[in-house]
Each structure stands twice: as structure tokens, then as C-alpha cells.
Amino acid sequence: MVDASAVGRVGEPFTLDVERGKIREFARATHSANPAYLEAEDPVVPPTFLTTAFFWQSGESDPWEAVAMDQRKGLHAEQEFVFHGPPPRAGTRLTGRSRIESVTRKEGRRGTLTFAVMVTDFHDEDGNLVATAKLTGVETA
């Protein structure tokens, strides 16, 4: 069962180095043929590339664990990315920090649905906010 006391939990900062090869691998994995991702010397990231932050977060940098969602009943309901300027390019070092924004409940046809939202802000080396990612998970009844 989702733990509503997780709201407000903030993870420790983590580093995400945006690498040319990883951009290319991600583009290939998502079947993109866009040369901006595949051929440029300093390619821009595809819009959903920041989902790879999941691989860089662990332990104290990942507040999602505090939500305690039952993965047997959990679903990835939504993912949103907002870029606050141009998307980052290869060679950029981002610092991410995640927080649990909300836990809400809603009655569904088969019982209560519990929604948990985690927001991750990404800043560049100059401290500028580059992007915000918002993940929504839902636990079914």
C-alpha cells in the first residue's frame, strides 16, 4: 500500500552525464532515424532521453522507494518532460534531484486507485534549470 507520508521526501542530488554514445543507443532503441540524434558530433537528446536518469539514481538519491508502491498492483501511468530552454546536448553534465510531490486517491470501478507523483529537476553546471521530469505511478485496488 502506498505510503502517503512519502510526500515531501527529497532525494540527494545525482549526476547524469549526457554522452553521445548513450544518445545514439537511446535513439536506436526507440527506432529513431533522426540524424540530430544519430549523426551530430554533439547530438541533442531525444525528448524522452531523461527517463534514463532511473539508471543513475540509487539509495539516497531515489525518494520513490519511500512511496512503497506494491509493484504487483503498480502501473506507470504517465511521464512528462518539460524543457526550460533548448534540450541538453552531448557533453552536458546534469545534476538531478527528485522529490515526491503528491499522493492522491480516487475511487475507480473496481476500488480505490492511489496515484503518486515524483518530480525531478535537472540543472546544468551553471545551475540553470534545464528540464523537469514528472512521473506518475498508480497502485490499483
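Please refer to the structure higher up on the page.
An account of the accompanying structure is given in this report. (Residues numbered from 1 in each chain as written. Predicted model: local features only at pLDDT ≥ 70, side-chain atom pairs only at ≥ 80, totals over all residues. Heavy atoms only, no water.)

## Some words on the overall build of the protein
The condition that has to hold: Strands here mean DSSP runs of E at least two residues long; helices mean DSSP runs of H or I at least four residues long; both are numbered from the N terminus. A 1.4 Å probe rolled over the protein chains alone gives each residue an accessible area, and that area as a share of the maximum for its type sets the label: buried under 20%, exposed over 50%, partly exposed in between. Throughout, a residue-residue contact means that at least one pair of heavy atoms, one from each residue, lies within 4.5 Å. Calculation of accessible area relied on Shrake-Rupley with a 1.4 Å probe; when residues are assessed, cover is drawn exclusively from the protein chains displayed.
Helix and strand counts for the protein stand at two helices and five strands. Listing the helices and strands of the protein from first to last along the sequence gives β-α-α-β-β-β-β. Overall size of the protein, expressed as C-alpha extent along the three principal axes, is 50 × 30 × 25 Å. By residue count, 38% of the 141 residues in the protein fall in the buried class. Across the protein, every contact between residues at least 6 apart in sequence was considered, and the portion connecting residues at least 24 apart equals 69%. Looking at the protein as shown, the accessible area adds up to about 8300 Å², and 50% of this sits on carbon and sulfur atoms.

## Points about the layout of surface pockets
Selection criterion: Definitions used for this entry: grid spacing 1 Å over protein atoms alone; cavity, a set of points where a 1.4 Å probe fits but cannot get out; pocket, an open set with protein on both sides within 12 Å along at least 5 of 7 lines; lining residue, one with an atom within 4 Å of a point. Grid points are joined across faces, edges and corners, and a volume is the space filled by probe spheres set on the points. We call Asp, Glu, Lys and Arg charged. Ala, Val, Leu, Ile, Met, Phe, Trp, Tyr, Cys and Pro are nonpolar, and the rest, Gly among them, are polar.
Quantified by volume, the largest pocket comes out at close to 430 Å³. Along its surface, the largest pocket is lined by 22 residues, and Phe54, His76, Gln79, Met118 and Leu135 are the ones closest to its centre. Those elements that place two or more of their residues in the lining of the largest pocket are β2 (74-83), β4 (111-123) and β5 (129-139). Per-element accounting of the lining of the largest pocket gives the leading share, five residues, to β2. Considering only residue class, the lining of the largest pocket consists of 12 nonpolar, eight polar and two charged.

## Section: helix α1 (residues 20-29)
One turn of an α-helix holds 3.6 residues; hence residues three or four places apart share an orientation. Basically, it comes down to this: This arc corresponds to the set of directions leading from the helix axis out to the C-beta atoms.
Buried residues of α1: Ile23, Phe26 and Ala27, and no others. Relative to the axis of α1, the buried residues are bounded by an arc of 100° and lie together on one face. Along its buried surface, α1 packs onto α2 (35-38).

## A closer look at the side chain of threonine 114
Here threonine 114 shows up in strand β4. Residues contacting threonine 114, with those up to four places away along its chain left out, are Val2, Met69, Val103, Thr104, Arg105, Gly137, Val138 and Glu139.

## As for the pairing of strand β1 (residues 14-17)
Formally: The criterion for strand pairing is that DSSP finds at least two bridges linking the strands in question.
Here β1 shows one buried face, formed by Phe14 and Leu16, and one open face, formed by Thr15 and Asp17. Relative to strand β3 (residues 93-108), β1 is paired through four bridges, and the arrangement is antiparallel. The residue bridging threonine 15 from the neighbouring strand is threonine 95, located in β3.

## Re the sheet that holds β4
Selection rule: Axis lines are fitted through C-alpha atoms, for helices just across the contact stretch, and the angle between N-to-C directions can take any value from 0 to 180 degrees.
Taken together, the five strands give an open sheet; going across it, the order is β1-β3-β4-β5-β2, and neighbouring strands pair in antiparallel fashion. Edge positions in the sheet fall to β1 and β2, since each has one partner strand and no second. Each neighbouring strand pair of the sheet contributes to a mean axis angle of 30°, computed without reference to strand direction.

## Considerations on the nonpolar core
Side chains of nonpolar character tend, in soluble globular proteins, to be buried together. What counts is decided by this rule: Put simply, a nonpolar core is a bunch of buried Ala, Val, Leu, Ile, Met, Phe, Trp, Tyr and Cys residues held in one set by side-chain atoms that sit within 4.5 Å of each other.
Formed by 20 residues in total, the largest nonpolar core has its most connected members in Val18, Ile23, Phe49, Leu50, Leu94 and Phe122. Secondary-structure elements contributing two or more residues to this core are β1, α1, α2 and β5. Setting aside residues up to four positions removed in sequence, phenylalanine 122 forms contacts with Phe14, Leu16, Leu50, Ala53, Leu94, Thr95, Gly96, Asn128, Leu129, Val130, Ala131 and Ala133. Counting 10 residues, the second largest nonpolar core, distinct from the first, contains Ala6, Ala66, Val67 and Met69.

## Topic: the environment of leucine 38
Looking at the element boundaries, leucine 38 is found in helix α2. Taking the relative accessible area as the measure of exposure, leucine 38 reaches 9% and is therefore buried. Taking C-alpha positions, leucine 38 is 5.2 Å from arginine 24, a pair spaced 14 residues apart along the chain. When residues no more than four places from it in sequence are discounted, the contact partners of leucine 38 are Arg24, Ala27, Arg28, Ser32 and Ala33.

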